[in-house]
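Summary of the model geometry
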Amino acid sequence: MPQDPDTPAPPLRRADQMRGIRKHLSHIQYLLTGLFILFLLWSVYVAKTVALPVVLGFLIALTLSPLVRWLARKGVAEGLSAVTIILTIGLTSTAGLYMLRLPAQSLIAEAPQIQQELRLKLWDVMQNVERLQDASEQMQQMAAGGEAGDDEEDRVVVTPATGFLQAALGSLVTSGTVLVVSLLFAMFLLSMGDAFRARLVDAFPDFRRKRRAARISRDVEQQISRYLGAITVINAGLGLCIGVALHLMGMPYALLWGVAAFLLNYLPYLGAMVGVVVSGAVAVVTYDSLGAAFLVPLVYLGLTSIEGQMVTPWLVGRHLRLNAAAVFIAVVFWAWLWGAAGALLAVPILVVIKVLADHLPGLSLLGAFLEGRPQRKRGRRRRAREAKARHAEEGAAAV
């Protein structure tokens, strides 16, 4: 007997229908989440010109906030200390670039000659590579049943050094503009003192969220200031060691090599590779034998390896532990999204994400992935006591 359409569905069938509706809604939610992530990435890429100096300014302000706060306790006004610190950084950077102008100009002027001499000294190696390439192409043609044409013999296109140098100079000009805007933005943030963070905390409705926001902002400031401060000191020591070592080995422009090592080491993984390749290329031109020339990149690689495997984990790892795979993924991702500036900001952005993941329960899995090697029990207990005391202090301040 057919069922009356006006008769309500049995409870079991209704439950199945609701289960199917919830399943479809969950699929729609995943799809919308994926679209939102793609739109967010596209927005970050498009807004690079505006977002890059803003993010860099925030990081500079977070790094210098403890110094401004210490000067405020000594009686120095926050606005005066902010202007003084930023002007000191700007004038010091300008003076350093002015001192390096002569060796940089000499190196740029000698770049075509260096390229030509490098090509002559590596002629045998290039010939062997070309023979292997020709043999591989011939085997592919034989496998395909054809023969290599005469017009396919010369395929090597040499990019002149001047084009590369022009691109590098254009990138330096753009980076200088971004740095100036970032320093100005950091100066305004530092002159506000704790007012910006207080307004951010007051924007939350209840006391529990206010306390969590205050704790997150304090931890982000501490982690960023500790990391960037320690990395700056480590990079300065590495630049000094590399400059002295290459000077003792007879490499020209020792001061320029030291400054380059200092700046390149802010780029995890990528900076060391660039320094090794460039120093090796110049060493091949400087020395008569390839054996002596290969010692220069080996020394550069050895010093950066000691810094990366021993010094940095010892100084930075006590306060901040990050998964090496997560750091590499972050560097590659932000380098793809924002170029060299993105690779520079990758680790500080990852530190901010790690702090947020440690305080937000919904991001606990992400925080566990970003965590480095397991810590010792004594270190965990000490950090737990410090965190408990800090939370009590922040709760009293929020009240």
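Calculation notes
Residues numbered from 1 in each chain as written. Predicted model: local features only at pLDDT ≥ 70, side-chain atom pairs only at ≥ 80, totals over all residues. Heavy atoms only, no water. Helix = DSSP H or I, 4+ residues; strand = E, 2+ residues; numbered from the N terminus. Buried < 20%, exposed > 50% of the residue type's maximum accessible area, 1.4 Å probe, protein only. Contact = heavy atoms within 4.5 Å. Expected span 1.5 Å × (residues − 1). Arc of directions from axis to C-beta. pLDDT = per-residue confidence, 0-100. Phe/Tyr/Trp six-rings, centres within 6.5 Å; stacked < 30°, edge-to-face > 60°. Bend = angle between axes of the 7 residues up to and from the residue. Polar contact = N/O pair within 3.5 Å; in protein donor to acceptor, adjacent residues only side chain to side chain.

Some details on the side chain of asparagine 235
In this structure, asparagine 235 sits in helix H9 (residues 207-248). Asparagine 235 sits in the buried class, given a relative accessible area of 0%. Sequence-distant contacts of asparagine 235, that is, excluding residues within four places in its chain, are made with Phe262, Asn265 and Tyr266.

So, helix H3 (residues 78-99)
In a regular helix each residue adds 1.5 Å, so 22 residues correspond to 32 Å; H3 covers 31 Å between its end C-alpha atoms and thus fits that length. For H3, the full list of buried residues reads Ser81, Ala82, Ile85 and Ile86. Down the axis of H3, the buried side of the element spans an arc of 125°, and every buried residue falls inside it. What points out from H3, more than 90 degrees from its buried face, is the exposed set Leu80, Leu91, Thr94, Tyr98 and Met99.

Describing the environment of threonine 84
Relative to the elements of secondary structure, threonine 84 occurs in helix H3. Residues threonine 84 and methionine 187, 103 residues apart in the sequence, show an inter-C-alpha distance of 9.2 Å.

Description of the environment of valine 201
As for its placement among the helices and strands, valine 201 is situated in helix H8 (residues 195-202). The exposure class assigned to valine 201 is buried, which follows from its relative accessible area of 12%. Sequence-wise, valine 201 and arginine 215 are 14 residues apart; in three dimensions their C-alpha atoms are separated by 9.7 Å.

Description of the confidence of the model for the protein chain
The share of residues in the protein chain with pLDDT of 70 or more is 72%, and the mean pLDDT across the chain is 75. Mean pLDDT across the elements of the protein chain bottoms out in helix H16 (residues 377-398) (51) and peaks in helix H10 (residues 254-264) (87). For the stretch residues 375-379, pLDDT sits under 50, and the model shows three contacts to residues farther than four places along the chain or on other chains.

Observations concerning the packing of aromatic side chains
Two aromatic rings, taken as a pair, are described by how far apart their centres are and by the angle between their planes. The tally for this structure, following the rule as stated, stands at seven aromatic pairs. Ring geometry for phenylalanine 333 and tryptophan 334: centres 5.4 Å apart, planes at 80°, overall edge-to-face. Relative accessible area serves as the criterion here: at 28%, phenylalanine 333 is assigned to the partly exposed category. Judged by centre distance (6.0 Å) and plane angle (45°), the rings of phenylalanine 333 and tryptophan 336 are tilted. In this pair, phenylalanine 333 and tryptophan 336 are both assigned in helix H13 (residues 324-338), three residues apart and thus about one turn of the helix distant. Three or more aromatic residues link up through ring pairs in this structure, and these residues are Phe333, Trp334, Trp336 and Trp338.

Examining the environment of isoleucine 216
Locating isoleucine 216 in the fold gives a position in helix H9. Residue class for isoleucine 216 comes out buried when judged on its relative accessible area of 12%. Here the alpha-carbon distance between isoleucine 216 and histidine 359, two residues 143 residues apart in the chain, equals 6.9 Å. With residues up to four places along the chain from it excluded, the contact list for isoleucine 216 reads Val355, Leu356, His359 and Leu360.

Looking at helix H2 (residues 48-73)
The terminal C-alpha atoms of H2 lie 37 Å apart, and with 26 residues this matches the ideal 38 Å at 1.5 Å per residue to within 8%. Maximal helix bending in H2 amounts to about 45°, located at leucine 64; proline proline 66 follows within four positions. Listed as buried for H2 are Leu52, Pro53, Leu56, Gly57, Leu59, Ile60, Ala61, Leu62, Leu64, Ser65, Val68 and Leu71. Where H2 terminates, the next one or two residues include glycine 75, which has phi positive at roughly 100°.

Describing unusual backbone geometry
Its identity as a non-glycine residue notwithstanding, tyrosine 253 has a phi of 60°, on the positive side. Among the structural elements, tyrosine 253 can be located in the loop between H9 and H10.

With respect to the side chain of serine 65
Its location among the elements puts serine 65 in helix H2. With a relative accessible area of 16%, serine 65 lands in the buried category. Reaching out from serine 65, the side chain makes a polar contact with the backbone oxygen of alanine 61 at a distance of 2.5 Å. Contacts of serine 65, omitting those with residues within four sequence positions, involve Leu190 and Glu221.

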